[in-house]
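Survey of secondary and tertiary structure
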Amino acid sequence: MPTLFDPIRIGDIELATRLVMAPLTRNRAAPGQVPAPLAAEYYAQRANPATGAGLIITEASQVSPMGQGYLDTPGIHNAEQVAGWKRITEAVHARGGRIVIQLWHVGRVSHVSLLPDGQSPVAPSAIQANTKTYTREGFQPTSMPRELRLDELPGIVEDYRRAARLAMEAGFDGVEVHAANGYLLDQFLRDGSNHRTDAYGGPIENRARLLLEVMRAVTAEIGAGRTGVRLSPVTPSNDAYDSNPQPLFNYVVEQLAPMGLAYLHVVEGQTGGARDLTDQGRPFDYAQLRQRFPGPWMVNNGYDRQMALDAVASGAADLVSVGRAFIANPDLGRRWRENAPLNALDPSTLYGGGAKGYTDYPTLDQQPVASA
């Protein structure tokens, strides 16, 4: 069986290892939601596959101005943002790395102060999310959304298609469509947030329609071999809820399977919580999903070194994505190869700010900070 540090081909992308840096929101974009110059250093520090990640998935990046849900998150919908991302992809490729961008529309998980002209967030149904978002005034409850009209949905699909094309112009190796964690595409999937009575609501086939239209549009634009997708079947994040997620996600994966995607990225369980239970405490069987998907299978949620090694060695996963450990350890790949101690994470610097807690974590070759 392969190991975590063996190469793998995912669609059209060759990776030197199967260790992946997960998408991580850091709230450090420059004005205009342009990736800041410091982000190039941040990603480049983690790009060398001998010491860092075999693949980097960027922080989630909105596909339109209406897709923004948090302060200072980057976009991928105009020329200035493309130029900012191009500096990053060039820095990553100079280190021998591979990088894909996560395409994002937050839907109802937003606030009027973050949206053009103070507009209300959009959603499958006018149901306010029981969660908070980060604004210039700090954390605030999300705003009441309005229901997207049927004639607006083709525009949402077009936003994703255009963002995928711009990602290629920016030099990315591919894209990951964010259909997880209670954001717009996930909101359409779930009966807790989707109460529509038209062709995009009600039965599972209808609720999955928008996601599948987005995936077809993106793969037609840039090729399936450069397109991945992220799902989180049982997450309660951002008030995500479905009364019966097993048949829902079985169907979704069945429909994704023939597309020939580069990979499917699945968040196992509740972030920081149980892996094999729904938010109602009922069992969820990830094996049923994997049986339905013939392509590369990426797993995520709290994997430590031994868990990651075991997942790949056992065949339970083809790739493992890791988040917070990569924040504090730019050379996590080397540390895991050598079973070396890890830097401790400073939670106070996760969101917003500058270099502190972003580009100043030391490597093994530098003066270490306190180990954990």
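Everything discussed here concerns the structure shown above.
Residues numbered from 1 in each chain as written. Predicted model: local features only at pLDDT ≥ 70, side-chain atom pairs only at ≥ 80, totals over all residues. Heavy atoms only, no water.

**Points about the overall build of the protein**
The helix and strand inventory of the protein stands at 11 helices and 14 strands. Its C-alpha atoms give the protein a radius of gyration of 19 Å, within 12% of the compact-globule value 21 Å for 372 residues. Each of the three principal axes of the protein carries a C-alpha extent, and together these read 60 × 45 × 35 Å. Per-residue burial over the protein gives 58% buried out of 372 residues. Restricting the contact set of the protein to residue pairs at least 6 apart, pairs at least 24 apart contribute 72%. If you sum the accessible surface of the protein, you get close to 13700 Å²; carbon and sulfur atoms cover 51% of it. Between the averaged position of the 34 positive side-chain charges in the protein and that of its 39 negative side-chain charges there is a distance of 2 Å. (Helix = DSSP H or I, 4+ residues; strand = E, 2+ residues; numbered from the N terminus. Rg over C-alpha atoms; globule rule 2.2 N^0.38 Å. Buried < 20%, exposed > 50% of the residue type's maximum accessible area, 1.4 Å probe, protein only. Contact = heavy atoms within 4.5 Å. Areas by Shrake-Rupley, 256 points an atom, 1.4 Å probe, with all protein chains shown as cover. Lys, Arg positive; Asp, Glu negative; His and termini not counted. Charge placed at Lys NZ, Arg CZ, Asp CG, Glu CD.)

**Considerations on the sheet that holds strand β5 (residues 99-104)**
Pairing within the closed barrel is parallel, and its 8 strands lie in the order β3-β4-β5-β10-β11-β12-β13-β14. On average, adjacent strands in this sheet sit at an angle of 25° to one another, irrespective of strand direction. Here strand β3 (residues 19-21) pairs with strand β4 (residues 55-62) via 2 bridges, running parallel. By the bridge assignment, Val-20 is partnered in β4 with Leu-55. Seen against the sheet, helix α6 (residues 209-222) touches β10 (174-178) and β11 (227-231) and runs at an angle of roughly 160° to β11. (Pairing = 2+ DSSP bridges. Axes fitted to C-alpha atoms, helices over the stretch in contact; angles between N-to-C directions.)

**Remarks on the pattern of salt bridges**
What the rule picks out here adds up to 18 salt bridges. Ionic pairing is found between Asp-242 and Arg-207, a salt bridge with its closest N-O pair at 3.0 Å. One end of the pair, Asp-242, is in the loop between β11 and α7 (245-256); the other, Arg-207, is in helix α5 (residues 204-207), with 35 residues separating them in the sequence. Per residue, the accessibility class of Asp-242 equals that of Arg-207, and both read buried. Linked by salt bridges that have partners in common, Glu-158, Arg-161, Arg-165, Glu-169 and Glu-221 make up one network. (Salt bridge = Lys/Arg side-chain N within 4 Å of Asp/Glu carboxyl O.)

**Here we look at the environment of Asp-239**
Within the secondary structure layout, Asp-239 lies in the loop between β11 and α7. In this structure, the C-alpha to C-alpha distance between Asp-239 and Tyr-183, residues 56 residues apart in sequence, is 9.5 Å. When neighbours within four sequence positions are excluded, Asp-239 is seen to be in contact with Arg-108, Gln-128, Ala-129 and Asn-130.

**Brief notes about the pairing of strand β14 (residues 319-322)**
Residues Leu-319 and Ser-321 point to one face of β14 and Val-320 and Val-322 to the other, with burial holding for every one of them. Regarding the hand of the β-α-β motif, the stretch spanning strand β13 (residues 297-300), helix α9 (residues 305-314) and β14 is right-handed. (Right-handed = clockwise from strand over helix to strand, strands pointing away.)

**Observations concerning the packing of aromatic side chains**
Enumeration according to the criterion identifies 9 aromatic pairs in this entry. Each ring, one from Tyr-70 and one from Tyr-183, has its centre 6.4 Å from the other, and the planes form 80°; the classification is edge-to-face. Here the residue Tyr-70 occupies a position in the loop between β4 and α2 (79-94), and Tyr-183 occupies one in the loop between β10 and α4 (184-189), the gap between them amounting to 113 residues. Each member of the pair, Tyr-70 as well as Tyr-183, is classed as buried. Among the aromatic residues, ring-to-ring pairing joins Tyr-42, Tyr-43 and Tyr-358 into one connected group. Across from the ring centre of Tyr-200, 5.7 Å away, lies the NZ or CZ of Arg-209, which sits over that ring. (Phe/Tyr/Trp six-rings, centres within 6.5 Å; stacked < 30°, edge-to-face > 60°. Lys NZ or Arg CZ within 6 Å of the ring centre and 35° of its normal.)

**A word on the pairing of β11**
For β11, the tally of buried residues reaches 5 of 5 residues, placing the bulk of the element in the interior. Alternating positions in β11 separate into two faces, Thr-227, Val-229 and Leu-231 on one and Gly-228 and Arg-230 on the other, with burial throughout. Across 4 bridges, the pairing between β11 and strand β12 (residues 263-267) is parallel. Counterpart to Leu-231 in the pairing with β12 is Val-266. Handedness of the β11-α7-β12 crossover: right-handed.

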